[in-house]
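Structure at a glance
Chain residues, written in single-letter form:
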Amino acid sequence: MNTKLYYQKTQCPFGTVHIYADDQHLKALLFKPWNKMPAQNLLNKSNPVIEQTQRQLDEYFKGQRSEFDLPIKADGTDFQQTVWQTLCKIPFGETWNYGQLAQAIGNKNASRAVGAANGKNPISIIVPCHRVIGANGTLTGYAGGLTIKEWLLKHEGIIK
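**With respect to the packing of aromatic side chains**
Scanning all chains against the criterion turns up 10 aromatic pairs. Centre to centre, the rings of Y7 and Y20 are 4.8 Å apart; their planes meet at 35°, and the pair counts as tilted. Of this pair, Y7 sits in strand β1 (residues 5-12) while Y20 sits in strand β2 (residues 15-21), and the two are 13 residues apart along the sequence. Of the residues examined, Y20 reaches a relative accessible area of 1% and is grouped as buried.

Structural data, given as structure tokens:
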């Protein structure tokens, strides 16, 4: 992969996130630097996609936005793509469990597989994997850690 990516860090109420974009799409929004991309392919500067992402994140954190409208294109398998697209259908202020997510993609027996795909989601917050919880209502793993997952769910009014 020889693609150049733009990269910027931005502050959120709970810390720093790392934004990666090419000229047309948001490629990743992560809690730690992306080790998937060779350093020589990263341009440590902003571009219109990153600026739009930062603006919409800011609106989300201020409570002015509940849905994102960004050009996203994450790299993943067809199955992962299906799971990530389905995650975007979980409404703001709601949670699904892994079984519901599996059912939504048309394979009610794929709870573990959707859990694995959920865990590989490279576009945190915007592709709302934080809205997926355990079948018993408990918070389960999250790339940013359970403290950030809990913060996001409180911010969306899901938990008190």
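**Quick notes on the pattern of salt bridges**
What the rule picks out here adds up to 5 salt bridges. Here K154 ties to E150 by a salt bridge, and the two come within 3.4 Å at their closest N and O atoms. Placement of both K154 and E150 in helix α5 (residues 146-155) is noted, with a separation of 4 residues, approximately one turn of the helix. For E150, a relative accessible area of 32% gives the class partly exposed.

**Regarding the environment of P13**
Among the secondary structure elements, P13 is positioned in the loop between β1 and β2. Between the C-alpha atoms of P13 and P91, which are 78 residues apart in sequence, the distance is 22 Å. If sequence neighbours within four positions are ignored, P13 has contacts with F61 and W151.

**A look at the confidence of the model for the protein**
Confidence along the protein averages 93 in pLDDT terms, with 98% of residues attaining 70 or more. The weakest mean pLDDT in the protein belongs to strand β4 (residues 42-43) at 88; the strongest belongs to helix α1 (residues 48-61) at 97.

**A word on the pairing of strand β3 (residues 26-30)**
Regular strands place their side chains on alternate faces of the sheet. Across the 5 residues that make up β3, a large majority, 5, are buried. Where β2 lies against β3, 4 bridges are found, and the strand directions are antiparallel. Paired with A21 across the strands is L26, a residue of β3. Here β2 folds back onto β3 in antiparallel fashion, the turn holding 4 residues.

Reading the values: the criteria
- Residues numbered from 1 in each chain as written.
- Predicted model: local features only at pLDDT ≥ 70, side-chain atom pairs only at ≥ 80, totals over all residues.
- Heavy atoms only, no water.
- Phe/Tyr/Trp six-rings, centres within 6.5 Å; stacked < 30°, edge-to-face > 60°.
- Helix = DSSP H or I, 4+ residues; strand = E, 2+ residues; numbered from the N terminus.
- Buried < 20%, exposed > 50% of the residue type's maximum accessible area, 1.4 Å probe, protein only.
- Salt bridge = Lys/Arg side-chain N within 4 Å of Asp/Glu carboxyl O.
- Contact = heavy atoms within 4.5 Å.
- pLDDT = per-residue confidence, 0-100.
- Pairing = 2+ DSSP bridges.

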